[in-house]
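# Examination of the molecular architecture
Take a look at the letters that make up each chain.
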Amino acid sequence: MKNIYHTICGIVAVASIVAVTACQNDVESVSEPATRIIEVITAETRTTIDYEGSDVSHLQWQAGDMVAYVTDAQGDKFKSAEMRSGMNGWSFSATIPNDANTIYVIYPVGDNEGKSLTDAKASLNSSIVQIAGEKFDGSQLPMVATSDVPSGSEVSVTYKCLASVLRFAVGGDEGHETERLKSLTLTASEPIVGDYVLDIATSELLFSGIGQSIKVEYQSTKETGEDVLLGAEHYIYVVVPSEKLTGVGVTLETDTDIYTWSNGTMDLSHPERRLYRVDLDFSTSDMAPETKEEYFTPVCSLSEVTDDGVYLIAVELNGKYYVTNNTPTDTSNYYYLTGVEVASDENGVILSNEVMNYTWTITNHNSGYEFFSANMEKNGNTGLYLIAAGGSGMFSGEDGYEGKVWFVTADTVDGYSAEQQPRRYWDIELDGIGKAVIRNKYDRGVDMFPCYKYCTQHNYFTLCFEGGADKEDVQLLKLRK
């Protein structure tokens, strides 16, 4: 179900499960149970939800929608099937054991395929991506259907919703036309994230909550982001349990501000209603818009390393961040860079004028990545490239495993010979959780390539071979806006 017209259906308890037991004689093998094929037809499903004068919500299947089904026959496992449109409406073909009495259907398939009925599950997620302008994605709203198995070859079932849809409307408010919508987060005192699982005592799929927050990322399809501007109205959909919620809070994030509405209540327990509309009025938000903090946060994937990015080379020690200083430790053309502590919190390094003094750009070339610091100064020159020391063999310090870093101007580095050019280029390896290995491309002839790391013993960033003592992997932090 790719789209649903606003919402669908009412909820009913899943029918009682017939317990099936069997005695089995000692035999060398057990034959597969006899099966037959039935056609499971979708009955037209309408609700009593009637809003804006005329529209009545209804179920709307689309090609490619998949359901999971299983029966109460002993040993039966969930299978998946694709919905298709025909003369009798939407249906799917189900292969079921001959001794089955009841069939159960769950949408979407989720991870039910191959599991038993007792392990049936439907989920409400904590993180959702919604594309600007698209209709509600029906796969977010779990549904179940159940029916007695027919003696013939067809059966009609009605799908019932397990949850409710909140449709938040935002935009069109004067004074906010140029802001770009980024995300909406819903919180409540009660759990609103979790799974519907089979309750053995009641034979129903009941909600088991594990989280109290749902975030919807609202993404643009336009390079300039005009389709998320708040000059127009936007609908953001959140799926939550059909229950009474207290302590409800909504946080709306734009590219410039954060707005909050808090301490609300919602009664979503009406048995015949599954759509609830909420208009977010900026004039009723809890407070004036907060100035949103901007942060440098760890880079975890090479896809995040872009030529237009702004970066810090940093190390995190005991919950504090240290970045590369711009002041040389001596007057030569190569030196260590001491670590400078910068303000941070649980979100990362906080953007400030001071922090911008220590930033880098990283550009990707065919030969590797190039690191450039626009604010670094040396011998009256501003704007230097990070390169590796030349020569061959081991370094001069720390038993040959450590050496000073070279920083040169663009004119100098462009003048290097072809043999020396690899000194300006670096490979970047990321571990997926924030740590980075920055390895130089220059071959010193010792089967080891220089890396840019942090020496915890001396509190400076240095070139070193991997395996040296007291060396900590660095982090690349990118400015996020």
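Structure: see above.
Residues numbered from 1 in each chain as written. Predicted model: local features only at pLDDT ≥ 70, side-chain atom pairs only at ≥ 80, totals over all residues. Heavy atoms only, no water.

### Brief notes about the sheet that holds strand 1 (residues 35–42)
- The 4 strands lie next to each other as 6-7-1-12, forming an open sheet whose pairing is mixed. At either margin of the open sheet sits one strand with a lone partner, and together these are strand 6 (84–86) and strand 12 (154–157). Each neighbouring strand pair of the sheet contributes to a mean axis angle of 40°, computed without reference to strand direction.
- Across 4 bridges, strand 1 lies against strand 12 in parallel orientation. Paired with T42 across the two strands is V157, which belongs to strand 12. (Pairing = 2+ DSSP bridges. Helix = DSSP H or I, 4+ residues; strand = E, 2+ residues; numbered from the N terminus. Axes fitted to C-alpha atoms, helices over the stretch in contact; angles between N-to-C directions.)

### Considerations on the sheet that holds strand 19 (residues 234–241)
- Read from one edge to the other, the open sheet built from 3 strands follows the order 19-14-22, with strand pairing classed as mixed. If you trace the sheet from one side to the other, it starts and ends with strand 19 and strand 22 (275–279), each paired once. Between one strand and the next, the sheet's axes are offset by a mean angle of 25°, whatever the strand orientation.
- For strand 14 (residues 163–170) and strand 22, the ladder comprises 5 bridges, and the chain directions are parallel.

### Looking at the side chain of E39
- Checked against the element boundaries, E39 lands in strand 1.
- Looking at E39, the relative accessible area reads 16%, which means it is buried.
- Within the local environment of E39, its side chain forms a polar contact with the side chain of R84, the two groups lying 2.5 Å apart.
- Apart from the residues within four sequence positions on either side, E39 is in contact with R84, S91, F92, S93, S153, E154 and V155. (Buried < 20%, exposed > 50% of the residue type's maximum accessible area, 1.4 Å probe, protein only. Polar contact = N/O pair within 3.5 Å; in protein donor to acceptor, adjacent residues only side chain to side chain. Contact = heavy atoms within 4.5 Å.)

### Observations concerning the environment of V342
- Checked against the element boundaries, V342 lands in strand 28 (residues 337–342).
- Since its relative accessible area comes to 5%, V342 is described here as buried.
- Residues V342 and A314 lie 28 residues apart in sequence; the distance between their C-alpha atoms is 9.7 Å.
- With residues near it in sequence (within four places) discarded, V342 still touches Y321, V323, V349, V355 and Y358.

### Some remarks on the packing of aromatic side chains
- All chains considered together, the criterion is met by 12 aromatic pairs.
- Aromatic pair W61 and Y107: ring centres 5.4 Å apart, planes at 80°, arrangement edge-to-face. Of the two residues, W61 sits in the loop between strand 3 (55–58) and strand 4 (66–71) while Y107 sits in strand 8 (residues 102–107), which places them 46 residues apart along the sequence. As far as burial versus exposure is concerned, W61 and Y107 are alike and both buried.
- Ring centres of Y196 and F207 lie 5.2 Å apart, and the angle between their planes is 55°; on these two criteria the pair is classed as tilted. On the criterion of sequence distance, the pair formed by Y196 in strand 16 (residues 193–199) and F207 in strand 17 (residues 204–211) is long-range, its members being 11 residues apart.
- Looking at Y196, the relative accessible area reads 4%, which means it is buried.
- Following the ring pairs from residue to residue traces out a cluster consisting of W61, Y107 and Y159.
- The cationic tip of R167 hangs over the ring face of Y235; the distance from NZ or CZ to the ring centre is 3.9 Å. (Phe/Tyr/Trp six-rings, centres within 6.5 Å; stacked < 30°, edge-to-face > 60°. Lys NZ or Arg CZ within 6 Å of the ring centre and 35° of its normal.)

### Description of the nonpolar core
- In this structure, V67, F92 and Y159 are the most contacted members of the largest nonpolar core, which totals 45 residues.
- Sorting elements by how many residues they give to this core places strand 8 first, with 5 residues. (Core = buried A, V, L, I, M, F, W, Y, C linked by side-chain atoms within 4.5 Å.)

### Examining the state of the cysteines
- Per the stated rule, a full pass over the model turns up 0 disulfides.
- C464 provides the cysteine sulfur closest to C455, a residue in no disulfide bond, and the two sulfurs are 8.3 Å apart.
- Left unpaired, C464 is separated from the closest cysteine sulfur, that of C451, by 6.2 Å. (Disulfide = S-S within 2.5 Å.)

### Some remarks on the pattern of salt bridges
- Per the counting criterion, the structure on display carries 13 salt bridges.
- Taking the shortest distance from any N to any O, the salt bridge between E304 and R480 comes out at 2.6 Å. Here E304, found in the loop between strand 24 (295–298) and strand 25 (311–317), pairs with R480, found in strand 41 (residues 474–480); they are 176 residues apart in sequence, far enough to count as distant.
- K453 is the salt-bridge partner of D473, the closest N and O atoms lying 2.2 Å from each other. Remark: K453 occurs in strand 38 (residues 451–455) and D473 occurs in the loop between strand 40 (471–472) and strand 41; sequence separation between them is 20 residues.
- Among the residues examined, K453 registers a relative accessible area of 6% and is labelled buried. (Salt bridge = Lys/Arg side-chain N within 4 Å of Asp/Glu carboxyl O.)

Any link to function would need more than the numbers given here.
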